[in-house]
Amino acid sequence: MKKECVAMLLAGGQGSRLYVLTGDMAKPAVPFGGKYRIIDFPLSNCSNSGIDTVGVLTQYRPLELNSYIGSGQPWDLDVSSGGVHILPPYMDSQGGTWYKGTANAIYQNIGFVDFYDPEYVVILSGDHIYKMDYSRMVERHRESGAACTISVMEVPWADAPRFGIMNVDGEDRITEFAEKPKQPKSNLASMGIYVFTWKTLRRYLVEDEADPASSNDFGKNVIPRMLAAGEYMGAYRFEGYWKDVGTLESLWDANMDMLSPESGLDLLDESWPVYARTFSAPAAFLGKNAAITHSAFNRGSDLEGKVENSVLSQGVNVAPDAVVSYSVLMPGVQVESGAVVQYAILGEGCRVGEGCRVGAAPEETAPENWGLTVLAPGCALEAERTVPPNTMLDRTGREVEKK
Amino acid sequence: MNGLHGIIFSYEKHNDLWELGAVRSPSSMPFGGRYRAIDFALSNLVNAGARDVGVVLHGQYQSLLDHLGTGKSWDLSRKYGGLKILPPFAYHQAWGEAAFRGKMEALAGVRSYLSGIRQDYVALMDGDLVVNLPLADILDSHIKSGADITAVCGDDSFRVEDGTYFQLSPEGRVTDVLYHLNTPRGNRSLEVYLLSRELLLSLVDECVSHDLYSWRSDVLQAKKETLNIQGWIWKGFAAQIRSVREYYDRSMQLLNPDIRRELFCAQRPIRAKSADKSSAYIAPDGRCVNSLVADGCGIFGTVENSILFPGVKVEHGAIVRNCVLFKDTLVREGAELAYTIADKRVEILPLRTLVGHASYPLVIAKGSRV
């Protein structure tokens, strides 16, 4: 069953910097943008790019992700040859191990990739929000004859030290790779999206596995090793919206970006749709006194109060006299009468009791005390409770420290 | 096999839907912001455990076929059984000459399908009925009562186009069947009937051998003495989408939370085909109150007391009041709409004003630019 191209999606990470939001689910399963989960973006990109064979490498808390992906039908990936496959670590006659690193996760699934005998493998992460046509990147990879093509984007020079930076020559051939350089020589940041020629990658994965000193990671080990060996490593420049939503702040930012198409994240653009598994519910109802401005909302919701600059998922209720501003409300959140929610991320199924105060605006708070307030999925606040800014509560309503 | 088999009739017979009915059968009328009328019959059946449903088609069925697909949205895409489309290949007239004259003729045309029904009981429903019935309970009550036929009816005599009305005895037995009434009386039939497969087959055979074709006159009316026909009264919301007026009034009733709660009750969800629209969005100076708004809408102007289907865009300065706007309607800057039903992909150009009346809503045909 030969395929030209297979995608491998790294979805095993815990996403520990999302703290309580990923207490019960892997990061790619975290809801995003009112309608989606993070993994909808790479899966939709695959589907829209004509890649119909996708391996999803899972490890941390995969239940939510498994049930979300199901047969792959929402992304049109339920095809009879290929399709989407969940690939957890497994045992064989010699035993088995957890995925030790990103490269090891692919190494352990060499059998899966070989089964489809592809020319190229696309390696993707499950924690980025972007729309990208992978087929153009693969095309460039093929034309250049590279062993590996890495997608890069220009970032502000000031931010460059936070990224993996690629130095390139005049033909965009990568000459040097620097992980979080203090003195960056370029502002081309790796987006964590790689195209490899499979038979070359396969060889390096075997070599990397044999090296006991390696931490079996693409960025740390495999790519530097390939570069050192003189392989042709190309950079593919991407222009458009791309965001790593690995932290609470960046997740909140990306949700807010969705409200302003100027940000570059235009989800209404139907030429490159993002698909999602949806649930059945009637259209949203906006009550007689609803005051909703600059906000997104979804089906199954009943909005009676005031909502501004917020992103509301499916099945959210905002009672009359409740106020929600600059917040992200995940599916099924209930905000009861008189409650005020500001600058907060509320996990799936949270209930904010009557008269609660959750979070605060930066202008009302001393700068050193300010930050987003985050409630874990399922957290229920009794009436009149105040949760200060920069606070995180777990499912039982107990405060959790950000480490 | 125990359980319920569904047969949904979807054929042209109603002429009061104006332009809305010209491009689709009543079963595929959009309703309530994101549904098609037939979603209700299908969901009612599936929620009662039915896993095999036949849909009898006739005329203007392309829109309905698009909507139904393989039946996946209702979990009716099954290895065995599931959704079966029963196209109008078998009716007695020459192609295009006439519609089925009645349900019994339609059923006679699919006699081989009927004989393959695996379940002991069959529910006959119309595709234009918007309701959320506890069909499982109705089947229980049908079996316990020992009735030959259970006829579901409303507790009102609400006037509907081509409606059927029952006189019920104090015990609930149907004693008379009335239609073509100037002043409706008795209980309005919801055109939902439960009976055993055997009885249905024998009725179909008997009708076809006497060239009889009408369920209403040749079965219900003719056999009300010999068959035990029991009424089962539903007190809740039940709309039969047969005229623009009824369509509009019934749509607007959905702005009442009690009616929504009942029609969309969580125990018996109404399922619809899902579309890949993003979230709905209201702009900083947009305003929207007392309205149902589906996914993918963009509101930059003002919307009041309206129902917006997916992807409707109301531009800056536009005002929409008491309207039903179908999928992808575009209301340009400064336009004003009231008491208007706009079909799919209608575009209202800037600064146009269109005003209907509650008793006579304006209808704008699919794809029009005004």
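Residues numbered from 1 in each chain as written. Chains lettered and ligands numbered in written order. Predicted model: local features only at pLDDT ≥ 70, side-chain atom pairs only at ≥ 80, totals over all residues. Heavy atoms only, no water.

1. Points about the overall build of chain B
Link 1 in the chain: A count of helices and strands for chain B gives 10 helices and 28 strands.
Link 2 in the chain: For 370 residues, the compact-globule formula gives about 21 Å, and the C-alpha radius of gyration of chain B, at 21 Å, lands near that figure.
Link 3 in the chain: Each principal axis of the C-alpha atoms in chain B carries an extent, and together these give about 65 × 45 × 40 Å.
Link 4 in the chain: A total of about 14,100 Å² of accessible surface is found on chain B, and carbon and sulfur atoms cover 48% of it.
Link 5 in the chain: Positive and negative charge centroids in chain B, built from 42 and 42 side chains respectively, lie 4 Å apart. (Helix = DSSP H or I, 4+ residues; strand = E, 2+ residues; numbered from the N terminus. Rg over C-alpha atoms; globule rule 2.2 N^0.38 Å. Areas by Shrake-Rupley, 256 points an atom, 1.4 Å probe, with all protein chains shown as cover. Lys, Arg positive; Asp, Glu negative; His and termini not counted. Charge placed at Lys NZ, Arg CZ, Asp CG, Glu CD.)

2. Comments concerning the overall build of chain A
Link 1 in the chain: On a plain count of helices and strands, chain A comes out with 8 helices and 31 strands.
Link 2 in the chain: The C-alpha atoms of chain A give 22 Å as radius of gyration, which agrees with the globular expectation for 403 residues (22 Å, within 12%).
Link 3 in the chain: In terms of overall dimensions, chain A has a C-alpha envelope of 65 × 50 × 45 Å along the principal axes.
Link 4 in the chain: Residue pairs at least 24 apart in sequence account for 57% of intrachain contacts in chain A once pairs closer than 6 positions are excluded.
Link 5 in the chain: Only carbon and sulfur atoms are counted for the fraction: they give 49% of the accessible area of chain A, which is about 16,100 Å². (Contact = heavy atoms within 4.5 Å.)

3. A closer look at the nonpolar core
Link 1 in the chain: Counting 75 residues, the largest nonpolar core has Leu43, Val54, Leu124, Met132, Ile193, Leu251 and Ile345 of chain A as the members making the most contacts within it.
Link 2 in the chain: Those residues in contact with Ile345 of chain A that lie beyond four places of it in its chain are Leu21, Leu248, Leu251, Trp252, Val328, Met330, Leu372, Thr373, Val374 and Leu375 of chain A.
Link 3 in the chain: In terms of nonpolar packing, the next biggest core, distinct from the first, is built from 50 residues, Cys379 and Leu393 of chain A together with Leu308 and Ala342 of chain B among them. (Core = buried A, V, L, I, M, F, W, Y, C linked by side-chain atoms within 4.5 Å. Buried < 20%, exposed > 50% of the residue type's maximum accessible area, 1.4 Å probe, protein only.)

4. Concerning the side chain of Thr200 of chain A
Link 1 in the chain: With respect to the helices, strands and loops of the structure, Thr200 of chain A is situated in helix H6 (residues 198-210).
Link 2 in the chain: Residue class for Thr200 of chain A comes out buried when judged on its relative accessible area of 12%.

5. Let's talk about the sheet that holds strand E18 (residues 306-308) of chain A
Residues and elements named next belong to chain A.
Link 1 in the chain: If you walk across this open sheet you meet the 6 strands as E15-E18-E21-E24-E27-E30, and the pairing is parallel. A strand with exactly one partner marks an edge of an open sheet, and here the two such strands are strand E15 (291-293) and strand E30 (386-387).
Link 2 in the chain: Bridge count between E15 and E18: 3 bridges; the pairing is parallel. From the neighbouring strand, Ala291 faces E18, where its bridge partner is Lys306. (Pairing = 2+ DSSP bridges.)

6. A short note on the side chain of Ser25 of chain B
Link 1 in the chain: In this structure, Ser25 of chain B sits in the loop between helix H1 (18-22) and strand E2 (30-31).
Link 2 in the chain: When near neighbours in sequence (up to four residues on either side) are disregarded, Ser25 of chain B contacts Ser10, Gly59, Gln60 and Leu64 of chain B.

7. As for the domain arrangement of chain B
All names here are of chain B.
Link 1 in the chain: Assigned domains of chain B: these are domain 1 (4-263) and domain 2 (281-364).
Link 2 in the chain: A separation of 32 Å is found between the C-alpha centroids of domain 1 and domain 2.
Link 3 in the chain: On the domain 2 side, the residues contacting the 22 residues of domain 1 number 23 residues.
Link 4 in the chain: For the pair domain 1 and domain 2, the two sides together bury roughly 1,700 Å², of which 73% comes from carbon and sulfur.
Link 5 in the chain: On the domain 1 side of the interface with domain 2, the three residues burying the most area are Gly33, Tyr248 and Leu255, jointly 34% of the side's total. (Domains from an automatic or database assignment. Buried area = accessible area lost by both parts, 1.4 Å probe.)

8. Examining the interface of chain B and chain A
Link 1 in the chain: On the chain A side, the residues contacting the 32 residues of chain B number 33 residues.
Link 2 in the chain: Contact between chain B and chain A buries roughly 2,600 Å² in total, counting both sides, with carbon and sulfur atoms accounting for 49%.
Link 3 in the chain: Counting across the chain B and chain A interface gives 3 salt bridges.
Link 4 in the chain: Here Asp295 of chain B ties to Lys35 of chain A by a salt bridge, and the two come within 3.0 Å at their closest N and O atoms. (Salt bridge = Lys/Arg side-chain N within 4 Å of Asp/Glu carboxyl O.)

9. Overview of the sheet that holds strand E24 (residues 336-338) of chain B
Residue and element names in this part refer to chain B.
Link 1 in the chain: If you walk across this open sheet you meet the 5 strands as E15-E18-E21-E24-E27, and the pairing is parallel. Each of the sheet's edge strands pairs with one partner strand only, and the pair in question is strand E15 (287-289) and strand E27 (353-355). The sheet shows a mean angle of 5 degrees between the axes of neighbouring strands, direction not considered.
Link 2 in the chain: In the sheet, strand E18 (residues 302-304) pairs with strand E21 (residues 319-321) via 3 bridges, with the strands oriented parallel. When the bridges of E21 are listed, Val303 appears paired with Val320. (Axes fitted to C-alpha atoms, helices over the stretch in contact; angles between N-to-C directions.)

10. What about helix H8 (residues 248-259) of chain A?
Residues and elements named next belong to chain A.
Link 1 in the chain: Under the 1.5 Å per step criterion, the end-to-end length of H8 is 18 Å for 12 residues, consistent within 8% with the ideal 16 Å.
Link 2 in the chain: With 10 of 12 residues buried, H8 lies mostly within the body of the structure.
Link 3 in the chain: Looking at H8, one finds that the buried residues are Leu248, Ser250, Leu251, Trp252, Ala254, Asn255, Met256, Asp257, Met258 and Leu259. (Expected span 1.5 Å × (residues − 1).)

11. Some points on the pairing of strand E4 (residues 53-57) of chain A
Residues and elements named next belong to chain A.
Link 1 in the chain: Counting buried positions along E4 gives 5 out of 5 residues, so the element sits mostly inside the fold.
Link 2 in the chain: The alternating pattern of E4 places Thr53, Gly55 and Leu57 on one face and Val54 and Val56 on the opposite face, and all of these are buried.
Link 3 in the chain: Direction of pairing for strand E1 (residues 5-10) relative to E4: parallel, over a ladder of 4 bridges. When the bridges of E4 are listed, Leu9 appears paired with Val56.

12. Considering the packing of aromatic side chains
Link 1 in the chain: Across all of its chains, the model carries 24 aromatic pairs over all chains by this definition.
Link 2 in the chain: Summarising the aromatic geometry, the rings of Tyr194 of chain A and Phe196 of chain A are spaced 5.9 Å apart at their centres and angled 50 degrees between planes, so their arrangement reads as tilted. Assigned by exposure class, Tyr194 of chain A and Phe196 of chain A land together as buried.
Link 3 in the chain: Arranged with centres 4.8 Å apart and planes meeting at 10 degrees, the rings of Tyr326 of chain A and Tyr343 of chain A form a pair that is stacked. A residue pair is termed long-range when its members are at least 10 positions apart, and Tyr326 of chain A in the loop between strand E21 (323-325) and strand E22 (328-329) and Tyr343 of chain A in the loop between strand E24 (340-342) and strand E25 (344-346) qualify at 17 residues.
Link 4 in the chain: What links up through ring pairs into an aromatic cluster is the set Phe31, Tyr35, Phe40, Tyr247, Phe264, Phe309 and Phe326 of chain B.
Link 5 in the chain: Above the face of the Tyr35 of chain B ring, Arg34 of chain B is positioned so that its terminal group lies 5.5 Å from the ring centre.
Link 6 in the chain: The ring centre of Phe237 of chain B lies 5.2 Å from the NZ or CZ of Arg250 of chain B, which sits over that ring. (Phe/Tyr/Trp six-rings, centres within 6.5 Å; stacked < 30°, edge-to-face > 60°. Lys NZ or Arg CZ within 6 Å of the ring centre and 35° of its normal.)

13. Points about the environment of Gly32 of chain B
Link 1 in the chain: Residue position: Gly32 of chain B is located in the loop between E2 and strand E3 (35-36).
Link 2 in the chain: Taking the relative accessible area as the measure of exposure, Gly32 of chain B reaches 2% and is therefore buried.
Link 3 in the chain: Beyond its immediate stretch of four places on either side in the chain, Gly32 of chain B contacts Ala283 of chain A together with Leu254, Leu292, Ile307 and Phe309 of chain B.

14. Regarding the packing of H6 of chain A against helix H7 (residues 218-228) of chain A
All names here are of chain A.
Link 1 in the chain: It is the contact of H6 with H7, at a shortest axis distance of 10 Å, that shows an interaxial angle of 115 degrees. Considering the relative orientation of H6 and H7, their crossing is right-handed. Of the residues in H7, those touching H6 at Thr200, Leu201, Tyr204, Leu205, Glu207 and Asp208 are Phe218, Asn221, Val222, Arg225 and Met226. (Left-handed = near helix turned anticlockwise from the far one by under 90°.)

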